[in-house]
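Residue-level structure breakdown
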Amino acid sequence: MKKDKIIYWVSTILIFLFEGVMPALTSQTELAKEGIRHLGYPEYFGTALVVFKVLGSIGLVVPQIKGRLKEWIYAGFTFDFIFASISHGAVDGFGGQAVFPLVVLAILMISYVYYHKINKTEG
């Protein structure tokens, strides 16, 4: 049980850092704005994406958020990572930029599996 919680929290904190903290701190930099433009998206899309990433990452780390809302948060991040990979692959070809979202998706899936393991045991 303790091992399961450690795996859950390490993977969840990594998602929180990648999808909550980093976008919140870097979204208004010229590099981030150029990245959104490079993929062909309007600037407001990047702003909306950051807002939802920050809210979703907070939702993942708040233990009181459970059930359907937590499932929607995991689903939202899953869609985000899949479409990020597709976007980068379509614009730049299948390289590091297209693979990285899939690596983060794997970390998210670890968090998801262990979230359910812990809740099955506690519930």
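Residues numbered from 1 in each chain as written. Predicted model: local features only at pLDDT ≥ 70, side-chain atom pairs only at ≥ 80, totals over all residues. Heavy atoms only, no water.

The next point concerns the nonpolar core. Core analysis: the largest hydrophobic core is formed by 14 residues, its most contacted members being Tyr8, Ile15, Leu60, Tyr74, Phe77, Phe81 and Leu108. A per-element tally of this core places helix 5 (residues 96-122) first, with seven residues. Among residues more than four places away in sequence, those in contact with Tyr74 are Tyr8, Thr12, Leu60, Leu108, Ser111, Tyr112 and Tyr115. (Core = buried A, V, L, I, M, F, W, Y, C linked by side-chain atoms within 4.5 Å. Buried < 20%, exposed > 50% of the residue type's maximum accessible area, 1.4 Å probe, protein only. Helix = DSSP H or I, 4+ residues; strand = E, 2+ residues; numbered from the N terminus. Contact = heavy atoms within 4.5 Å.)

Moving on to the packing of helix 1 (residues 2-26) against helix 4 (residues 67-92). Contact geometry for helix 1 and helix 4: axes closest at 13 Å, N-to-C directions at 55°. Relative to helix 4, helix 1 is oriented oblique. Seen from above, helix 1 lies across helix 4 with left-handed handedness. For the pair helix 1 and helix 4, the contacting residues are Tyr8, Thr12 and Glu19 in the first and Lys70, Tyr74, Phe77, Asp80 and Phe81 in the second. Residue composition of the contact of helix 1 with helix 4, by class: four nonpolar, one polar and three charged. (Axes fitted to C-alpha atoms, helices over the stretch in contact; angles between N-to-C directions. Parallel < 35°, antiparallel > 145°, perpendicular 65-115°, else oblique. Left-handed = near helix turned anticlockwise from the far one by under 90°. Nonpolar A, V, L, I, M, F, W, Y, C, P; charged D, E, K, R; others polar.)

In total, this model carries seven aromatic pairs according to the counting rule given. Aromatic side chains Tyr74 and Tyr115 sit 5.9 Å apart centroid to centroid with 40° between the ring planes, which places their arrangement in the tilted category. With a gap of 41 residues between them, Tyr74 in helix 4 and Tyr115 in helix 5 connect regions that are remote in the sequence. Residue Tyr115 is classed as buried on the basis of its relative accessible area, which comes to 9%. Counting every residue linked through ring pairs, the aromatic cluster contains Tyr8, Trp9, Tyr74, Tyr112 and Tyr115. (Phe/Tyr/Trp six-rings, centres within 6.5 Å; stacked < 30°, edge-to-face > 60°.)

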